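Below, each chain spelled out in residue letters.
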2 protein chains.
Amino acid sequence: MSLLTNTLNAISGQDQSWRDQAQNRLDQLVMPHWALGRLMDLALDLAGMTRSLTPPVTRKAIITMAGDHGVAAEGVSKFPQEVTPQMVGNFINGGAGINALAKQVGARVIVVDMGVAADLSAMVASGKLIDKKIGFGTNNIAQGPAMTREQAIAALEAGIEVVNHYADDIDLFGTGDMGIANTTPSTAIVAALTNTPVAEVTGRGTGLDDDQLKLKITVVKKALEINNPDPTDGLDVLAKVGGFEIGGIAGVILGAAARRKPVLIDGLISTAGALIAYTLKPEIKDYLIASHRSVEQGHRIMHQHLGCEPLLNLNLRLGEGTGAALAMNIVEAASRVLTDIATFSEAQVASADK
Amino acid sequence: MSLLTNTLNAISGQDQSWRDQAQNRLDQLVMPHWALGRLMDLALDLAGMTRSLTPPVTRKAIITMAGDHGVAAEGVSKFPQEVTPQMVGNFINGGAGINALAKQVGARVIVVDMGVAADLSAMVASGKLIDKKIGFGTNNIAQGPAMTREQAIAALEAGIEVVNHYADDIDLFGTGDMGIANTTPSTAIVAALTNTPVAEVTGRGTGLDDDQLKLKITVVKKALEINNPDPTDGLDVLAKVGGFEIGGIAGVILGAAARRKPVLIDGLISTAGALIAYTLKPEIKDYLIASHRSVEQGHRIMHQHLGCEPLLNLNLRLGEGTGAALAMNIVEAASRVLTDIATFSEAQVASADK
């Protein structure tokens with residue numbers, strides 16, 4: 001069997017018995033019942049994911065996937081396509097937003113070339129960039145499919161391979177993206193998979209004005225009309241209106257779920273990857289943690305479709321994995337709620353009147 | 001002059017020129033403009049508070065103030081008053097929620113007896129508890145003033161003294177509280193200072209049922225009627241319907257503002273302390289960071305009055321400083337946005353089309 005099939009078969013949901021054990025302890029912690037709210041909900045999830053009452057989360061990595069998009073030719077981004085390889089260089093030199101926020105939480109940043117439209121072999125040779133290049137950017141989705149079905153499978157498997165390579169040393173994964181114009185395929189994915197009108201899910205990306213936003217809506221509509229992706233087939237949606245880095249992110253999520261590791265998803269593009277992974281295997285939802293709600297208006301609809309409530313709402317819209325890195329602190333805190341706080345009886349504190 | 005007067009006189013707002021310098025750098029960072037949203041807003045504040053483009057925030061402390069309340073006799077809490085000293089013991093033994101969350105972010109926990117109704121001299125002798133005891137619990141505010149005006153001043157000055165003692169070694173302060181029944185005086189404070197009907201600001205505290213909630217509303221109304229605090233006089237409000245630990249928290253905020261250090265406020269009780277401090281000196285607002293919005297319904301009204309938008313909204317309602325500890329990660333991240341991210345020109349990345 002293929003890596004993708006094996007991985008899909010290896011995924012099963014959270015373990016209820018570990019959730020129950022965690023619930024039992026959390027119910028007894030020396031505080032008013034469930035007074036740490038969503039940290040306690042998350043602690044339950046971590047126990048169910050990792051099959052442990054001491055969920056390991058200290059060894060952390062953000063996997064930032066980069067790729068280019070043929071649809072950039074339609075003028076859907078304010079930035080030129082050359083920014084994608086330049087930003088990959090910035091990631092490996094440590095000067096980007098993701099480097100700053102990953103450092104704050106003690107996460108490493110793993111940068112992957114999934115399909116940048118430039119020769120990055122020198123960065124690969126430096127050992128700081130992982131080469132999983134599927135192609136030099138996707139095709140223009142406003143004119144036809146982004147990639148072949150074989151390339152879509154290759155993108156997913158590349159993400160799985162990256163997770164498998166690091167899984168013995170990493171407890172907690174986060175996803176990130178870089179790719180000029182990549183809110184456009186992400187918007188097409190959310191519209192296709194949630195059956196929502198394009199105008200309702202299209203946002204301003206890196207800062208489009210009203211006319212540019214109208215153009216973007218037109219381009220996304222055209223991409224969906226020309227390609228007619230099958231919303232029941234995640235591979236078809238990825239191949240027709242997706243992106244190489246979006247496939248890589250979906251692969252990371254599948255790989256993490258198969259290894260029973262929590263995976264924090266970042267903004268619009270990472271969540272588009274999560275939608276693809278969810279369509280392929282709904283049980284991945286049990287391993288997803290939505291880090292934040294971005295300014296992008298499609299993000300809320302994505303979270304609703306996945307049934308996730310994000311941890312943070314700080315008007316972020318950078319991508320790169322920045323929101324995921326920031327939320328890793330909250331995941332770590334949730335694990336400590338389970339491991340570091342005494343019960344009423346351990347602390348010899350009187351409990352509430354019943 | 002007294003310590004309180006000196007401290008009030010030493011407080012001035014953020015420095016606009018440092019905010020402008022920070023804005024200038026943030027505008028050039030290698031990302032779509034202001035793409036890290038509220039982290040960048042916070043970075044501006046940190047620069048304005050600390051007069052620095054590298055705002056120091058790494059040395060962190062939560063100051064958890066404990067005190068008892070005569071109004072507990074009215075049956076406004078589900079927990080018996082003996083829990084206050086027991087929880088102080090738990091704090092210094094490291095088994096409480098605040099210990100777990102402070103450890104996650106690398107903050108120390110400074111525990112202060114502001115007025116617990118028990119002899120804690122053994123804990124003080126151990127060196128783990130700071131003794132600033134004003135009395136063995138306040139008087140019952142449903143029957144008369146909580147404390148004298150002199151005691152209110154002493155409580156504020158105790159908080160200032162604690163900050164002054166640690167200020168050379170701590171960059172970032174957070175406030176926390178412990179005190180059975182202390183949501184009742186906090187509710188009276190917010191009702192008095194924001195002129196809001198008591199029923200609108202009264203919450204369920206540690207988990208009151210409907211009848212208990214009605215009783216609490218009645219008690220708060222009675223406390224306000226009997227004491228008739230002057231909403232233009234923070235000292236009068238603190239003395240008549242406040243608490244020793246609430247005064248201590250207000251003092252911490254005044255002290256931090258005078259030292260130009262950011263101070264994260266936690267939940268309902270800490271924010272009541274912030275309201276007192278704000279009434280005494282509105283410029284303290286420039287040094288306040290609201291960490292989270294608690295489940296308590298009065299909290300939103302408090303934040304509105306202060307003009308603060310909290311960073312987190314995770315259904316927390318524990319107090320102790322837990323929300324402040326969790327949000328310290330975000331403050332640290334905001335500082336790193338200013339210090340660790342390259343500009344477009346530094347990173348040699350092409351900027352957006354204008």
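Calculation rules
- Residues numbered from 1 in each chain as written.
- Chains lettered and ligands numbered in written order.
- Predicted model: local features only at pLDDT ≥ 70, side-chain atom pairs only at ≥ 80, totals over all residues.
- Heavy atoms only, no water.
- Helix = DSSP H or I, 4+ residues; strand = E, 2+ residues; numbered from the N terminus.
- Rg over C-alpha atoms; globule rule 2.2 N^0.38 Å.
- Buried < 20%, exposed > 50% of the residue type's maximum accessible area, 1.4 Å probe, protein only.
- Areas by Shrake-Rupley, 256 points an atom, 1.4 Å probe, with all protein chains shown as cover.
- Lys, Arg positive; Asp, Glu negative; His and termini not counted.
- Charge placed at Lys NZ, Arg CZ, Asp CG, Glu CD.
- Contact = heavy atoms within 4.5 Å.
- Pairing = 2+ DSSP bridges.
- Polar contact = N/O pair within 3.5 Å; in protein donor to acceptor, adjacent residues only side chain to side chain.
- Axes fitted to C-alpha atoms, helices over the stretch in contact; angles between N-to-C directions.
- Parallel < 35°, antiparallel > 145°, perpendicular 65-115°, else oblique.
- Left-handed = near helix turned anticlockwise from the far one by under 90°.
- Nonpolar A, V, L, I, M, F, W, Y, C, P; charged D, E, K, R; others polar.
- Buried area = accessible area lost by both parts, 1.4 Å probe.
- Salt bridge = Lys/Arg side-chain N within 4 Å of Asp/Glu carboxyl O.
- Domains from an automatic or database assignment.
- Core = buried A, V, L, I, M, F, W, Y, C linked by side-chain atoms within 4.5 Å.
- Least-squares fit on C-alpha atoms with pLDDT ≥ 70 in both.

Quick notes on the overall build of chain A
Looking only at helices and strands, chain A features 16 helices and six strands. Here the C-alpha atoms of chain A give a radius of gyration of 20 Å, agreeing with the 20 Å that 2.2 N^0.38 yields for 354 residues. Each principal axis of the C-alpha distribution contributes one length, and for chain A these read about 70 × 45 × 40 Å. Expressed as a percentage of the 354 residues in chain A, the buried residues total 65%. Of the roughly 11,700 Å² of accessible surface on chain A, a fraction of 46% belongs to carbon and sulfur atoms. Charged side chains in chain A number 29 positive and 37 negative. The centres of these two groups are separated by 2 Å.

Thoughts on the environment of A:Ala155
All names here are of chain A. Looking at where Ala 155 falls in the secondary structure, it is placed in helix 7 (residues 149-166). Taking relative accessible area as the criterion, Ala 155 reaches 0% and is therefore assigned buried. Residues Ala 155 and Lys 132, 23 residues apart in the sequence, show an inter-C-alpha distance of 8.0 Å. Residue contacts for Ala 155: discarding those within four places in its chain leaves Met 114, Ile 134, Phe 244, Gly 247 and Gly 248.

With respect to the pairing of strand 2 (residues 107-115) of chain A
All names here are of chain A. Of all nine residues in strand 2, seven are buried, a share of seventy percent or more. Alignment of strand 1 (residues 60-67) against strand 2, held across eight bridges, turns out to be parallel. Residue pairing for strand 2: Ala 66 is matched across the bridge by Asp 113. Where strand 2 and strand 3 (residues 130-131) come together, two bridges link them in parallel fashion. When the sheet's bridge partners are listed, Asp 113 is paired in strand 3 with Asp 131.

Side note on helix 11 (residues 234-241) of chain B
Residues three or four positions apart in an α-helix share a direction because the helix packs 3.6 residues into each turn. All names here are of chain B. Burial analysis of helix 11 places seven of its eight residues in the buried class, which makes it a mostly covered element. Within helix 11 the residues assigned to the buried category are Gly 234, Leu 235, Asp 236, Val 237, Leu 238, Ala 239 and Val 241. Packed against the buried residues of helix 11 are helix 1 (3-10), helix 7 (149-166), helix 8 (183-194), helix 10 (210-227), helix 12 (244-258) and helix 13 (268-280). Measuring from the side-chain oxygen of the N-cap residue of helix 11 to the backbone nitrogen of Leu 235 gives 3.1 Å; that N-cap residue is Asp 233.

Regarding the packing of helix 15 (residues 322-340) of chain A against helix 5 (residues 97-105) of chain B
Contact geometry for helix 15 of chain A and helix 5 of chain B: axes closest at 9 Å, N-to-C directions at 140°. Taken as axis vectors, helix 15 of chain A and helix 5 of chain B run oblique relative to one another. Judged by the twist between their axes, the crossing of helix 15 of chain A over helix 5 of chain B is right-handed. Taking contact as the criterion, the partners of A:Asn329, A:Glu332, A:Ala333, A:Arg336, A:Val337 and A:Asp340 in helix 15 of chain A are, on helix 5 of chain B, B:Ala100, B:Leu101, B:Lys103 and B:Gln104. Residue composition of the contact of helix 15 of chain A with helix 5 of chain B, grouped by class: four nonpolar, two polar and four charged.

Looking at the interface of chain B and chain A
Residue-level contacts link 53 residues of chain B with 53 residues of chain A. Counting each side, the surface lost to burial between chain B and chain A is near 4,400 Å², with a carbon and sulfur contribution of 66%. Interface area lost by chain B to chain A is led by B:Pro32, B:Gln104 and B:Leu314, which between them contribute 12%. In this assembly, chain B and chain A are joined by zero salt bridges.

Digging into the domain arrangement of chain A
Residue and element names in this part refer to chain A. What the domain assignment lists for chain A is domain 1 (3-55 + 338-347) and domain 2 (60-330). Taking only C-alpha atoms, the centre of domain 1 and the centre of domain 2 are 28 Å apart. Across the contact, 16 residues belong to domain 1 and 25 residues belong to domain 2. When residues of domain 1 are sorted by the area they lose upon contact with domain 2, Leu 4, Ile 11 and Met 49 head the list and together hold 33% of the total. There are zero salt bridges connecting domain 1 and domain 2. The tally of links between domain 1 and domain 2 comes to nine residue pairs in polar contact (both at pLDDT 80 or more). Elements supplying a minimum of two residues to the side of domain 1 that touches domain 2: helix 1 (3-10) and helix 3 (37-50).

Concerning the nonpolar core
Formed by 276 residues in total, the largest nonpolar core has its most connected members in A:Leu36, A:Leu39, B:Leu36 and B:Leu39. If near-sequence neighbours (up to four positions away) are discounted, B:Leu36 is found in contact with A:Leu101, A:Leu314, A:Asn315, A:Leu316, A:Leu318, A:Thr322, B:Met31, B:Val337 and B:Ile341.

Points about the relation of the copies chain B and chain A
Least-squares fitting of chain B to chain A yields an RMSD of 0.0 Å, with the transformation described by 0.0 Å of translation along the axis and a rotation of 180°. Accordingly, the operation relating the two chain copies is best matched by a two-fold axis. Of all interface residues in chain B, 100% are interface residues in chain A too; the two copies therefore contact each other through one and the same surface.

Notes on the environment of B:Ile284
Position of B:Ile284 among the secondary structure elements: in the loop between helix 13 and strand 6 (288-290). A sequence separation of 193 residues divides B:Ile284 from B:Phe91, and the C-alpha atoms of the two residues are 28 Å apart.

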